[in-house]
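# Commentary on secondary and tertiary structure
Residues per chain, in single letters:
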Amino acid sequence: MIVPGATPLVEAHDLVKHFGDGKGLLTPRRPPVRAVDGVSLTIKRGETLGLVGESGSGKSTLGRLILRLIEPTSGSVTFDGHDIAALSKSSLTQLRKRMQLVFQDPFSSFNPRMTIAQVLTEPMVVHGMGDRASRVKRAKELLDLVGLPSFALERYPHQFSGGQAQRIGIARALATDPDLIVCDEAVSALDVSVQAQVLNLLKEVQRELGLSYLFIAHDLNVVRYISDRVCVMYLGKLAEVAHADDISERPRHPYSQALMASIPSPDAHHQLRTPLAGEIPSPRRPPSGCRFHPRCSQSIDGCDRDEPELLTIGGSGDARSVACHLFDPTSAR
Amino acid sequence: MSIAISGTARAAHRPRARSGLVRFTREQPLGAIALFLITLFVVVAVLAPWIAPYDPLAQDRVNILTAPGVGGHLAGTDELGRDVLSRSLYGARTSLLIAVATLALGGAIGLVVGVVSGYFGGTWIDSVLQRIMDALMAIPSIVLLLFVAALLGPSVRNTVIALSLLVIPSINRVARGEMLRIREEPYVEAARSVGCGTPRILIRYGLPNLMAPLFVMGSLLFAVILIAESALSFLGIGTPPPTPSWGRMLSEGRSQLEIAPWMTVVPGLILSVSVLAFNLLGDAMRDFLDPKQRR
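What you see is a predicted model; the values in this text were computed from it and never measured.

Counting its regular elements, chain A contains 9 helices and 12 strands. When each of the 333 residues of chain A is scored for burial, the buried share is 52%. Of the contacts made within chain A by residues no fewer than 6 positions apart, 66% connect residues no fewer than 24 positions apart. A total accessible area of about 14700 Å² is found for chain A, and carbon and sulfur atoms account for 51% of it.

Written out as structure tokens, the structure is:
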């Protein structure tokens, strides 16, 4: 449901988050962890933007920066025209209504001492929506929307299965009628069969309510199933941004290619590509130049020196952005 | 909307959990005995005016230092002819009142300091609050008690204030530690992303999840307070005379220990049993509330 010409819902510009600048009185100064190191992205209205990468690539940090659950070291996020870094506390609370988070482990995302009714009405209470009766009514509607019976209201979170709990997590995120939901590994902890149900639920909800998702996952299969566009992230930077089909059929960045190749597939030609070797380096001391070059099978002269820019390549049918010297016409080969 | 429900609700027909008290008795028999003794202690303290055989303050110059059982005095009399049993029962009143008031006052302050400190752990707020707590803990408790009690003068109220200073750091420690853990729980982040402010997070998400270890701590502290209160009274700076108090009775009995040991033994025994009961209850509750100890 992309309105043509409308401004994007979210625009992140050059987001940076460094953890632990080591300025303790007695602790030796250490280089900070560069969890997110200069990421710009847009999320359009009604769009699902996938975000993939290995553990430690900074995906979750990026998601929380966009929600301003953590403060960025630098950079800005614009949500529906509002610069959320510049917002006062009260207007930020107002904006929280419009952006929500779904967690990886649904159980730990609920206060164990709250009933489902309390969990679901909490966002409405905080934002002063309706009275008690109307809030409970809305909670029932939300449960219905995610396919759970209303008697679930009096139960406690631990009395549900993983899939049911995640439905409740989604229902909570929908309680304030948001425009954006960040799904942080929302299906990673679920059984494969339940994953599909929850993914379909997310799609169905999106169709009905026209909201946008930032879908964070490490499972490419899941991401390409649900996403319109996909961002591939590596060590705090975006490696490639492309349409979901393009990235799964024709990945350009060597890292995207390696990720694709690592998906188990019965298709013979997938096996020919070089699978990814080694571990992701420490974000405290990222490699020089292109951060991927030590693990890259196609690295060329200069990859260890110059950091590649995220450049738009390809025509209108295959437009995408890649941060790789192989695709940079200006880089010295 | 036609979305299949994944299985029926797992706990749809779970039998109602057996009453906590029955389960506690079954799993922690020693704790149940302790709980019974404490209940008895509370009942006796509350009903002291009705069940005590004599007025605890009534002096009887004819029957001083009567041995137990003589002249209708079940536990004998002291050097002023006051009934030791009656005084011990009324002493329970004083002790209970002081212990409850101390736990309420010290517990409330310690809880607030600990929860706030834990939630803001690592920031200057935490540092300032914890240095104050460290200072309180650094002074030997008996010195601190003597100092405060001597400064304020002997009265029940001042005893409570002095003893609270003992309770605050202990409760603070437990509350802060728990809050540091809870702060990192995803449900706290969920609450923040939903838009909850800090006070709401502390009260609705923090407090309910840190009460269990605090109950245990409170039970153990109850024992500590009983002893400390007796110590203060023994030293003559706690509960002022003629209010009956176990510590004061021990103090008074000391000089007559060889002639009238019952003056010391009776309140001492009651005190020991009470302290033991609170300690046992604390241990039992810790095991009972710890899910990992569940069989």
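Another point: the interface of chain A and chain B. Listed as interface residues are 38 residues of chain A and, on the opposing side, 27 residues of chain B. Together chain A and chain B conceal approximately 2900 Å² of surface at their shared face, both sides included; 51% is due to carbon and sulfur atoms. Taken together, the connections running from chain A to chain B amount to 3 salt bridges. With its nearest N and O atoms 2.8 Å apart, the salt bridge here joins R200 of chain B to E122 of chain A. At the boundary of chain A with chain B, the tally comes to 12 residue pairs in polar contact (both at pLDDT 80 or more). Counting residues per element, the ones that place at least two in the side of chain A that touches chain B are α2 (89-96), β6 (99-102), α3 (116-126), α5 (162-174) and α6 (192-209) of chain A. When its residues are assigned to classes, the side of chain A that touches chain B shows 16 nonpolar, 13 polar and 9 charged.

The next point concerns the sheet that holds strand β12 (residues 320-322) of chain A. Residues and elements named next belong to chain A. Reading across the sheet, the 8 strands line up as β6-β7-β8-β3-β9-β10-β12-β11 and stay open at both edges, with mixed pairing between neighbours. In this open sheet, the two edge strands, each paired with only one partner strand, are β6 and β11 (311-313). On average, each strand axis in the sheet is inclined to that of its neighbour by 20°, with strand direction left out of account. Against the sheet, helix α9 (residues 254-261) contacts β3 (48-52), β9 (229-234) and β10 (237-243), and its axis sits at roughly 105° relative to β9.

On to the packing of aromatic side chains, then. Enumeration over the complete set of coordinates arrives at 9 aromatic pairs over all chains. Relative to F292 of chain A, the ring of Y255 of chain A has its centre 5.0 Å away and its plane inclined at 65°; by these criteria the two rings are edge-to-face. Here Y255 of chain A, found in helix α9, pairs with F292 of chain A, found in the loop between α9 and β11; they are 37 residues apart in sequence, far enough to count as distant. Residue Y255 of chain A shares its accessibility class with F292 of chain A, and that shared class is buried. Summarising the aromatic geometry, the rings of F222 of chain B and F278 of chain B are spaced 4.1 Å apart at their centres and angled 20° between planes, so their arrangement reads as stacked. On the criterion of sequence distance, the pair formed by F222 of chain B in helix α8 (residues 198-234) and F278 of chain B in helix α10 (residues 262-289) is long-range, its members being 56 residues apart. Connected via pairs of aromatic rings, a cluster forms that spans F41, F222, W246 and F278 of chain B. One residue, K203 of chain A, lies across the ring of Y225 of chain A, its end atom 4.3 Å from the ring centre.

What follows covers the pattern of salt bridges. All names here are of chain A. Using the criterion set out here, one finds 25 salt bridges over all chains in the structure. In this structure, E185 engages K59 in a salt bridge whose closest nitrogen and oxygen atoms are separated by 3.7 Å. In this pair, E185 is assigned in the loop between β7 (180-184) and α6 and K59 in helix α1 (residues 59-66), connecting sequence segments 126 residues apart. Each member of the pair E185 and K59 is classed as buried. In this structure, E307 and K237 form a salt bridge, with 3.2 Å as the shortest nitrogen-oxygen distance. Here K237 lies in strand β10 and E307 lies in the loop between α9 and β11, a separation of 70 residues in the sequence.

Along a regular strand, successive side chains alternate from one face of the sheet to the other. Residue and element names in this part refer to chain A. Here β6 shows no split at all, with M99 and L101 on one side and Q100 and V102 on the other all buried. Two elements, β6 and β7, share 4 bridges in a ladder whose sense is parallel. Paired with M99 across the bridge in β7 is L180.

Turning to the sheet that holds strand β1 (residues 10-19) of chain A, a few remarks are in order. Sheet architecture is open: 4 strands sit in the order β2-β1-β4-β5 (chain A), paired in antiparallel fashion. The open sheet is flanked by β2 (33-43) and β5 (82-83) of chain A, the only strands paired with a single partner.

All names here are of chain A. The sheet contact formed by β1 and β2 spans 8 bridges and is antiparallel. Considered in β2, the bridge of V16 is made with D37. By the bridge criterion, 5 bridges tie β1 to strand β4 (residues 74-79) in an arrangement that is antiparallel. Looking at the pairing, E11 lines up with T78 of β4.

Residues and elements named next belong to chain B. A contiguous nonpolar surface patch, about 730 Å² in accessible area, is contributed by L30, I33, F36, L37, L40, V265, L269 and V273. Residue assignment for the nonpolar patch shows that the elements contributing at least two residues are α2 (29-51) and α10. For the nonpolar patch, the element with the most residues is α2, which contributes 5 residues. Looking at the element boundaries, V265 is found in helix α10. For V265, a relative accessible area of 47% translates into the label partly exposed.

Along the chain, the position of S233 of chain B falls in helix α8. Leaving out residues up to four positions away in the same chain, S233 of chain B has contacts with G238, T239, S245, G247, R248 and S251 of chain B.

Criteria and thresholds
- Residues numbered from 1 in each chain as written.
- Chains lettered and ligands numbered in written order.
- Predicted model: local features only at pLDDT ≥ 70, side-chain atom pairs only at ≥ 80, totals over all residues.
- Heavy atoms only, no water.
- Helix = DSSP H or I, 4+ residues; strand = E, 2+ residues; numbered from the N terminus.
- Buried < 20%, exposed > 50% of the residue type's maximum accessible area, 1.4 Å probe, protein only.
- Contact = heavy atoms within 4.5 Å.
- Areas by Shrake-Rupley, 256 points an atom, 1.4 Å probe, with all protein chains shown as cover.
- Buried area = accessible area lost by both parts, 1.4 Å probe.
- Salt bridge = Lys/Arg side-chain N within 4 Å of Asp/Glu carboxyl O.
- Polar contact = N/O pair within 3.5 Å; in protein donor to acceptor, adjacent residues only side chain to side chain.
- Nonpolar A, V, L, I, M, F, W, Y, C, P; charged D, E, K, R; others polar.
- Pairing = 2+ DSSP bridges.
- Axes fitted to C-alpha atoms, helices over the stretch in contact; angles between N-to-C directions.
- Phe/Tyr/Trp six-rings, centres within 6.5 Å; stacked < 30°, edge-to-face > 60°.
- Lys NZ or Arg CZ within 6 Å of the ring centre and 35° of its normal.
- Patch = residues over 30% accessible without salt bridge, like charges linked within 9 Å, V, L, I, M, F, W, Y side chains within 5 Å.

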